[in-house]
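Close look at the chain arrangement
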Amino acid sequence: MGEFASKLAVQSPAFQRAYLGSLAPNLVKSGNLEKYYQTLTDFDFLVAKINHPEFGVQPLIEDYDLSKYTQTLNYSKYNSEKVKSLQLIQGALRLSAHVLAVDKRQLASQLHGRLLHHKMPEEIQGLGTCNKIRYQSNWDNRDIPFG
């Protein structure tokens, strides 16, 4: 379990729901675009969002829409390569939505297969590696009540 998952696991279900629902929009509104990018490229966040009963794949896909807002592109720290990477991940999630609706454990393999032929920054190349596939199986089996 990664750092994000560990910290989220000890929180109340109400906190988990509020945090997962507002994290990405709040990061964009506050101008913390580096943290926004890190969050949307963090496998733990992706897994937590799609596995939460009040969210799923579509709300996660919508989190990536925030990178398209014009005010986001006005920040000099936020470069076009990062926007492109987020759009590629969003596209992979869109193409995988029907699979993930049936089996959320397929996230890592779907991302890996759909992003494999794209040139991605080093920090997010491993989103769908075999380690993540094994890791996700363990993550899904943990005993965390969402309520």
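Summary of the structure given here. (Residues numbered from 1 in each chain as written. Predicted model: local features only at pLDDT ≥ 70, side-chain atom pairs only at ≥ 80, totals over all residues. Heavy atoms only, no water.)

The next thing to look at is the overall build of the chain. Each helix and strand counted, the chain has nine helices and zero strands in total. Along the chain, helices and strands appear, N-terminal first, in the series α-α-α-α-α-α-α-α-α. Taken across its 147 residues, the chain has 42% of its residues classed as buried. Of the contacts formed within the chain by residues at least 6 apart in sequence, a portion of 66% connects residues at least 24 apart. For the chain, the computed accessible surface area is about 7900 Å², with 51% contributed by carbon and sulfur atoms. (Helix = DSSP H or I, 4+ residues; strand = E, 2+ residues; numbered from the N terminus. Buried < 20%, exposed > 50% of the residue type's maximum accessible area, 1.4 Å probe, protein only. Contact = heavy atoms within 4.5 Å. Areas by Shrake-Rupley, 256 points an atom, 1.4 Å probe, with all protein chains shown as cover.)

This brings us to the environment of Val-47. Within the secondary structure, Val-47 sits in helix H4 (residues 43-51). Between the C-alpha atoms of Val-47 and Ala-5, which are 42 residues apart in sequence, the distance is 8.8 Å.

Attention shifts here to helix H3 (residues 33-40). For an α-helix, 3.6 residues make a turn, and residues three or four places apart therefore share a direction. Among the residues making up H3, those that are buried are Leu-33, Tyr-36, Tyr-37, Thr-39 and Leu-40. The buried residues of H3 occupy one face: seen down the axis, they fall within an arc of 160°. (Arc of directions from axis to C-beta.)

Time to look at the packing of H4 against helix H5 (residues 57-65). Each pair of packed helices can be described by the angle between their axes along with the distance between the axes. Viewed as axis vectors pointing N to C, H4 and H5 meet at an angle of 135°, and their least axial separation amounts to 7 Å. In terms of axis orientation, H4 runs oblique to H5. The segment H4 lies against H5, with Phe-45, Leu-46, Lys-49 and Ile-50 engaging Val-57, Pro-59, Leu-60, Asp-63 and Tyr-64. Residues of the contact of H4 with H5, tallied by class, amount to seven nonpolar, no polar and two charged. (Axes fitted to C-alpha atoms, helices over the stretch in contact; angles between N-to-C directions. Parallel < 35°, antiparallel > 145°, perpendicular 65-115°, else oblique. Nonpolar A, V, L, I, M, F, W, Y, C, P; charged D, E, K, R; others polar.)

Residue position: Arg-17 is located in helix H2 (residues 13-29). With 35 residues separating them along the chain, Arg-17 and His-52 place their C-alpha atoms 7.7 Å apart.

On to the packing of aromatic side chains, then. According to the stated counting rule, one finds three aromatic pairs in the structure shown. Measuring from centroid to centroid gives 5.4 Å for Phe-15 and Tyr-19, while their planes differ by 15°, and the two rings are stacked. Of this pair, Phe-15 and Tyr-19 both sit in helix H2, four residues apart, which is roughly one turn of that helix. Accessibility expressed as a relative area gives 36% for Phe-15, which makes it partly exposed. Assessed through its relative accessible area of 29%, Tyr-19 is described here as partly exposed. A connected cluster of aromatic rings, assembled from ring pairs, spans Phe-4, Phe-15, Tyr-19 and Phe-45. In this structure, Lys-49 packs its charged tip against the face of Phe-55, placed 4.8 Å from the ring centre. Across from the ring centre of Tyr-37, 4.9 Å away, lies the NZ or CZ of Lys-82, which sits over that ring. (Phe/Tyr/Trp six-rings, centres within 6.5 Å; stacked < 30°, edge-to-face > 60°. Lys NZ or Arg CZ within 6 Å of the ring centre and 35° of its normal.)

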